[in-house]
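# Observations on the three-dimensional arrangement
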Amino acid sequence: MAAPAELAQTDIEGIDGVRMTWNSWPRTKVEASKCVIPIASSIHLIRHHPDLATLPYPPLRCKTCTTVINPFARVDFQALIWICPFCFQRNHFPHHYSGMNEASVPAELYPQCTTIEYSIGAPRSDFGNYLPVYLFVLDTCMLEEELEYAKSGLKRAIDMLPDNAMVGFISYGTQVQVHELGFSDMSKVYVFRGSKELTKDQVLEQLGLGVARRVVVGGGVGGPNVGVTRFLLPASECEYTLNSLLDELSTDQWPVPQGNRALRCTGVALSVAAGLLGACMAGAGARIVALVGGPCTEGPGAIVSKDLTEPVRSHKDLHKDAAPFFKKAVHFYEELAKQLVSQGHVLDVFASALDQVGVAEMKVAIEKTGGLVVLAESFGHSVFKDSFKHIFEDGEQSLGLSYNGTLEINCSKDIKIQGIIGPCTSLEKKGPAVSNTVIGEGNTTAWKLCGLDRNTCLTVFFDVSSSEKSDPSGNINPQLYIQFLTSYQSPDGQTKLRVTTVTRRWVDAAVSNEELVQGFDQETAAVVVARLASYKMETEEDFDAIRWLDRILIRLCAKFGDYRKDDPSSFTLNPSFSLFPQFMFHLRRSQFLQVFNNSPDETAYFRMLLNREGVSNAAVMIQPTLTAFSFNSLPSPALLDVASIAADRILLLDAYFSVVIFHGMTIAQWRNMGYQKQPEHQAFAQLLQVPHDEAQTIIRERFPVPRLVVCDQHGSQARFLLAKLNPSATYNNANDMAAGSDVIFTDDVSLQVFFEHLQRLAVQSS
């Protein structure tokens, strides 16, 4: 079992931020279906890269297909004409390109500038210099201690905001309180009933922002109005008011009868927040930042009844259709998502509670608006505190939160787009490149991204539409082209357009598989299959993910393996595919497919992060990395196997959502005896410290911040490591184990047994 070599490389994606399952594409639909793994691309939309050039002028576009000029365009320098590689249209260069020649070409034609950024607009003047907008929504139905943690997190965030950022504040419990920060004489609050579903117009009327009373400044749709100065103020002007307000804020005073849950109206609070932003800041980059401390029990969006004897819905309830609140709550959040997308606003949810809060229902609104989500046990936990702080940091640590993005994709003639899995919304833009098969957000060639950041990654699924018949003229272009156009508003308010143009080769898989095999990216394929399996589990009733995965794996090995029929011992797999079965083994056991012991909220949270992170991070979620530290050798990658446990070793597991430092039995005993404090055992002190330093490096660079677990062999928290390891030693074969190692009490098959079964099934005569 080899550790993935790809993980050792630092930047496989390069300047383009694009990775594909197949880097050579089969020419026909039939051959594509025989490849088993779908043709898909993972793209980091606005990832930072030191070599990225930014041009201060608008791009040249093809007059037929609107593709932006790129290094693959053929240029006639004498006639000042460029030929579009997508539709072969001849386009004239404008006059200001007349000085161009073969020795001096503009940056957009440099061969290395396959990705380039255009700065096409200054910040919009109708919103002044106020960017961005944060509307904080705070749940007060929680313990005093929890509320204090949440308030201190908010104060720290407000202190870190740029002076020109606009800030608003809503608190809620049984009722919703909208605080008028612009009224400085005293605390002025507008109260909404939590049990009543409100339309956007009712919200605006009650806040005094109805159409009749609205005073539009600067004219035009989307301009700011008087509500901006009442409910949203620059951070520099309202910091003192807001801090005083937070100091005075106490837990919800509404009485809670014995045996009941607190009345919490999360749905109404978010609905009011969306209405307020729609009236004041439609079209501007704005975020609703919700801090939620428990399940919604009142009004629209409720996920559970008030009676504590009724538990919050489980996976079993959802499967049996025994969750009476679920569908209604999801419908409410779908409507809220549509409203937020039309306004261009983002919903971020920071949920901290021991019970579920309704992230599974909110998922649709968070994903469609490109929002951030963090799930923690407490507002005092480092997972919440450090993650919340991270979104307001600038400089090197900044997430690069951007707004109002749109993605357009242009393709060569024989390529169709099935759809996208990831944080975006279809704009229903039809065209010849739209496939009849829909996966995720489909039926379009353009998508809306209300919020995106440096880490935002989407998975695009493609279809090959060409039939067996080749071009009658015989002029078959061996290259295919795809262009990704991402326009967005950067954190400083600039409007930018990032253009990424990639090319790949068409291959005739009917003649030879060799080029196809060499172009297979098994890490990307594993991540794409994981995302597709998660999507199918949510959208298809009675979908058996394990069986579906096994069939994919057997078909892939039967197609690309070398073997003699019905002889498992003869089976070998090309190195281009050798890691894929291992990824599938870990995916079958992962939290994305195995919902047992996870709540619907946790599963929704894991899947949202799987869908928005890059390939390298997503691969770690599926197959964690394990590093071993010992006296005898330098830190080195270890097999993700129970055999890697040794009494004199420290193991560091990076499972993405958690980072585990695991001390072997002997190491733990020495530490408990205090050897590391003695001067003659400095080497031991260093050995104990190095894994902690490595863990902190991982934690600093990641969002959301992972949970750090420090445990010892045979300790209760050792389960965090054991659950991720290949069970090569179980209670059934404990006699064979080495001294100081460990066993896993499970009936799961080991990787070795899994491989043996796979080989036997792959070589069977059909």
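Details of the structure are given in the entry above.
The paragraphs below set out a description of the structure included in this document. (Residues numbered from 1 in each chain as written. Predicted model: local features only at pLDDT ≥ 70, side-chain atom pairs only at ≥ 80, totals over all residues. Heavy atoms only, no water.)

### Here we look at the overall build of the chain
- Scanning the chain from terminus to terminus reveals 20 helices and 30 strands.
- For the chain, whose C-alpha radius of gyration is 28 Å, the value lies close to the compact-globule estimate of 27 Å for 766 residues.
- Referenced to the eigenvectors of the C-alpha coordinate spread, the extents of the chain come out at roughly 85 × 80 × 60 Å.
- Relative to its 766 residues, the chain shows a buried fraction of 56%.
- Of the accessible surface of the chain, which amounts to about 32,600 Å², a share of 51% is contributed by carbon and sulfur atoms. (Helix = DSSP H or I, 4+ residues; strand = E, 2+ residues; numbered from the N terminus. Rg over C-alpha atoms; globule rule 2.2 N^0.38 Å. Buried < 20%, exposed > 50% of the residue type's maximum accessible area, 1.4 Å probe, protein only. Areas by Shrake-Rupley, 256 points an atom, 1.4 Å probe, with all protein chains shown as cover.)

### Regarding the packing of aromatic side chains
- This structure, assessed with the given rule, holds 32 aromatic pairs.
- Both rings, one in Tyr563 and one in Phe571, keep their centres 5.9 Å apart while their planes meet at 25 degrees; by these two values the pair is stacked.
- In this structure Tyr563 comes out as partly exposed when scored by relative accessible area, which is 22%.
- Residues Phe585 and Phe754 carry aromatic rings whose centres are separated by 5.4 Å and whose planes lie at 50 degrees to one another, so their mutual orientation is tilted. (Phe/Tyr/Trp six-rings, centres within 6.5 Å; stacked < 30°, edge-to-face > 60°.)

### Some points on the pairing of strand β23 (residues 495-507)
- Across the 13 residues of β23, 10 count as buried, placing the element largely inside the fold.
- The pairing of strand β2 (residues 24-26) with β23 spans 3 bridges and is classified as parallel. Bridging across to β23, Ser24 finds its partner in Arg505.
- Direction of pairing for strand β8 (residues 115-121) relative to β23: antiparallel, over a ladder of 6 bridges. Along β23, the bridge assignment pairs Thr115 with Thr500.
- Bridge analysis of strand β22 (residues 479-489) against β23 gives 11 bridges, and the strand direction is antiparallel. Note on β23: the bridge partner recorded for Ile482 is Val502. (Pairing = 2+ DSSP bridges.)

### Details of the environment of Leu277
- Mapped onto the fold, Leu277 is located in helix α6 (residues 266-281).
- If we ignore the near neighbours within four places in the chain, the residues touching Leu277 are Val133, Leu135, Leu232, Ala282, Ala286, Arg287, Ile288, Gln343 and His345. (Contact = heavy atoms within 4.5 Å.)

It is worth stressing that arrangement in space is one thing and function is another; only the former is reported here.
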